[in-house]
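Next come the chains, spelled out residue by residue.
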Amino acid sequence: MKLGLYVHIPFCQHICSYCNFNRGLLDADLKRKYVDALVTEITASGAVGQWGCGAVGSTASLPHCPTAPLVDSVFFGGGTPSLLESGEVARILRACGETYSLTPDAEITLETNPETVSAERLAAFREAGINRISCGVQSFDDEELKKLGRIHSAEKAVEVIGDARRAGFASVSLDLMLWLPGQSPASWYRTVDRAIRLGPDHLSLYLLELYPNAPLKEEMARAGWSQTPDDDAAEMYLEGLTRLDAAGYVQYEISNVARPGHRSRHNVKYWQSGNWLGFGCGAHSTVDGVRWKNIAATAEYVARIASGQDVRQDVQILSPASRVEEALFTGLRLNEGINESAFAEQWGIFPWDRYGDALEPRIEAGHVWRCAGSFGLTRSGMLVANDVLSTFV
Ligand code: SF4
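Conventions and cut-offs
Residues numbered from 1 in each chain as written. Predicted model: local features only at pLDDT ≥ 70, side-chain atom pairs only at ≥ 80, totals over all residues. Helix = DSSP H or I, 4+ residues; strand = E, 2+ residues; numbered from the N terminus. Rg over C-alpha atoms; globule rule 2.2 N^0.38 Å. Buried ≥ 20, exposed ≤ 12 C-beta atoms within 10 Å, placed from the backbone. Contact = placed C-beta atoms within 7 Å. Pairing = 2+ DSSP bridges. Axes fitted to C-alpha atoms, helices over the stretch in contact; angles between N-to-C directions. Near = placed C-beta within 6 Å. Nonpolar A, V, L, I, M, F, W, Y, C, P; charged D, E, K, R; others polar. Parallel < 35°, antiparallel > 145°, perpendicular 65-115°, else oblique. Left-handed = near helix turned anticlockwise from the far one by under 90°. Domains from an automatic or database assignment.

1. Observations regarding the overall build of the protein chain
Piece 1. When helices and strands are counted, the protein chain shows 15 helices and 17 strands.
Piece 2. For the protein chain, the C-alpha radius of gyration of 21 Å lies close to 21 Å, the compact-globule estimate for 393 residues.
Piece 3. If you line up the protein chain on its principal axes, its C-alpha atoms span 55 × 50 × 40 Å.
Piece 4. Looking at the protein chain residue by residue over its 393 residues, the buried ones come to 39%.
Piece 5. A fraction of 71% describes how many contacts in the protein chain between residues 6 or more apart in sequence connect residues 24 or more apart.

2. Topic: the sheet that holds strand β17 (residues 374–377)
Piece 1. Judged by pairing direction, the sheet is antiparallel, and its three strands sit side by side in the order β15-β17-β16 without closing on themselves. Of all the strands in the sheet, just β15 (338–339) and β16 (368–371) have a single pairing partner and so form its edges.
Piece 2. Taken together, the four bridges between β16 and β17 define a ladder with antiparallel strand orientation. In the sheet register, Arg370 faces β17, and the bridge partner there is Phe375.
Piece 3. On the sheet, helix α13 (residues 351–364) packs against β15, β16 and β17 and is oriented at approximately 125° with respect to β16.

3. Description of the site of the ligand
Piece 1. Near the ligand, the surroundings consist of Cys12, Ile15, Cys16, Cys19, Phe21, Arg23, Gly78, Gly79, Thr80 and Asn113.
Piece 2. Of the residues assigned to the shell around the ligand, the class counts are five nonpolar, four polar and one charged.

4. Some remarks on the packing of helix α6 (residues 185–198) against helix α8 (residues 230–246)
Piece 1. For the pair α6 and α8, interaxial distance at closest approach is 10 Å and the crossing angle is 20°. The orientation of α6 relative to α8 falls into the category roughly parallel. Once α6 is placed against α8, the crossing between them reads as right-handed. Across from Pro185, Trp188, Tyr189, Val192, Asp193 and Ile196 in α6, the residues of α8 making contact are Asp232, Glu235, Met236, Glu239, Gly240, Arg243 and Leu244.

5. Examining unusual backbone geometry
Piece 1. The omega torsion of the bond from Gly78 to Gly79 falls at 15°, within 30 degrees of zero and hence cis.
Piece 2. Mapping Gly79 onto the fold places it in the loop between β4 (70–78) and α2 (86–99).
Piece 3. The phi angle at Gln138 is positive, at roughly 70°, despite the residue not being glycine.
Piece 4. Here Gln138 is to be found in strand β6 (residues 132–138).
Piece 5. Residue classification places Gln138 among the buried residues on the basis of 26 C-beta atoms within 10 Å.
Piece 6. Of note in this structure, Ala372 is not a glycine but carries a positive phi near 50°.
Piece 7. Relative to the assigned elements, Ala372 resides in the loop between β16 and β17.

6. Section: the domain arrangement of the protein chain
Piece 1. Taken domain by domain, the protein chain holds domain 1 (3–270) and domain 2 (320–392).
Piece 2. Taking only C-alpha atoms, the centre of domain 1 and the centre of domain 2 are 28 Å apart.
Piece 3. Taken residue by residue, the interface counts nine residues in domain 1 and eight residues in domain 2.
Piece 4. Those elements that provide at least two residues to the side of domain 1 that touches domain 2 are α8 and β9 (250–253).
Piece 5. When residues in the side of domain 1 that touches domain 2 are grouped by element, the largest group, four residues, is from α8.
Piece 6. Partitioned by chemical class, the residues of the side of domain 1 that touches domain 2 number seven nonpolar, one polar and one charged.

7. What to know about the environment of Gln251
Piece 1. Mapping Gln251 onto the fold places it in strand β9.
Piece 2. Each C-alpha atom of the pair Gln251 and Leu241 lies 7.7 Å from the other, and the pair is 10 residues apart in sequence.

Quick look at the structure:
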C-alpha cells in the first residue's frame with residue numbers, strides 16, 4: 001500500500017460546543033505563519049533519514065526514507081481546512097509533490113465546512129489540485145445544527161454540494177451525525193433521506209460523543225435537552241444504513257458508506273495498517289510500526305519549525321504483538337473483515353487459531369460472521385464493536 005499524507009489545519013471560524021479536536025479560532029496572521037511552517041515541515045520530511053523520526057531519540061533502528069516514496073492520498077483535515085486560501089492549498093500541495101511522488105490518480109481531499117465556501121472558492125480549490133470534498137453537514141435540521149453550535153444552515157449545506165459538483169468535484173462526501181440532543185428517529189431519517197436525494201458519492205455517519213467537559217453537556221443540562229435512549233440510537237444507525245443500502249450505497253466500514261469506486265482511499269490506510277505521515281500541529285504519523293505525533297499547540301509548532309527544532313514527540317516503536325492487536329482492531333472495522341490467510345502472511349499468526357474459541361460465542365450471538373476464510377463483524381456486531389474487540393486484549 002502506498003504512503004498517505006495528512007495535513008492538519010487547526011483553525012475554525014467558530015468553536016462548536018461538542019468539539020474535542022485540536023483546533024482554535026482563526027487568527028489570520030498565525031495562519032500565514034502556519035502555512036509557511038507546514039511547507040517547511042513537508043519539505044524537510046523528504047530528506048533521507050528525516051521521516052521515520054530523524055532527530056528524535058535514537059535513529060539507528062528507525063526506517064529511513066528510500067527516495068521519494070509514492071503517495072496516493074493527501075488529506076487536509078482539521079479544524080477547518082476550507083479556511084485556507086486556494087493559493088495556500090496550492091503551495092502546500094506543491095511542497096507535497098516536490099517532496100514525494102504523487103501518483104497521477106492521487107486522492108486529494110479537503111475537509112470543508114459549509115459556511116466557509118462559495119462557488120468561487122470551491123472552483124479555486126479544484127483548480128489548486130483538490131479532487132475530493134468532504135463536507136461537514138452533520139444534519140439537515142437547523143434546530144439540531146444550532147444545538148451543536150454549528151454556524152451553517154441546512155440550505156447552505158445543500159448549496160455547497162451543488163456548487164462542488166458544478167466546480168467539477170467528481171467525489172463528494174458528507175459527514176452526518178446521529179444521536180444529537182433532541183433528535184428523534186424521524187428527524188434522523190429525514191436527514192438521511194435528504195442526503196440520499198443530494199446524491200453524494202460517500203457518507204460518514206458518526207454518533208455524537210460527549211467528552212466530559214464539553215460545553216454542550218452543560219447546555220443540555222441547562223436546557224433540558226436529552227439524547228434518545230440507547231436502543232433508539234441503535235435502531236437509528238441500523239435504519240439509516242438500510243436506507244443507504246436501498247439507495248445503492250455500500251457500507252465498507254462501521255461509519256462509512258460509498259458508491260462503488262468512492263471509498264476514502266486515505267482513511268482505508270488507517271484501517272489496513274498502512275503508512276501515513278501527518279504534518280502540522282498535533283498530527284500523528286505511522287510508518288512501518290513506528291509512530292509519533294507532532295506537538296499540539298499551534299503557536300509552539302510554528303515557533304519550533306521557524307527555529308529549526310524538531311516538532312515530533314512521543315515516538316513509539318510498536319512491538320510485533322501490539323501491531324498484531326492493532327491490525328485486528330482496525331481490520332475488523334471494515335465490512336470485508338479479516339482474511340485469515342492474508343493476515344497470517346502479513347503478521348505470522350492465524351487469528352482464528354488463537355481467538356476462535358473466544359469468538360465462537362460471538363457468532364452464536366449474531367455479532368461475528370465467518371465465511372470463506374474470512375471473519376468480521378455483522379451490523380449488530382458493529383453496535384457492540386468495543387465489546388467484541390475486547391476479545392483481542
Ligand atoms: S468546525 Fe469542526 S473542528 Fe471546528 S470547532 Fe466545529 S467540530 Fe471542531
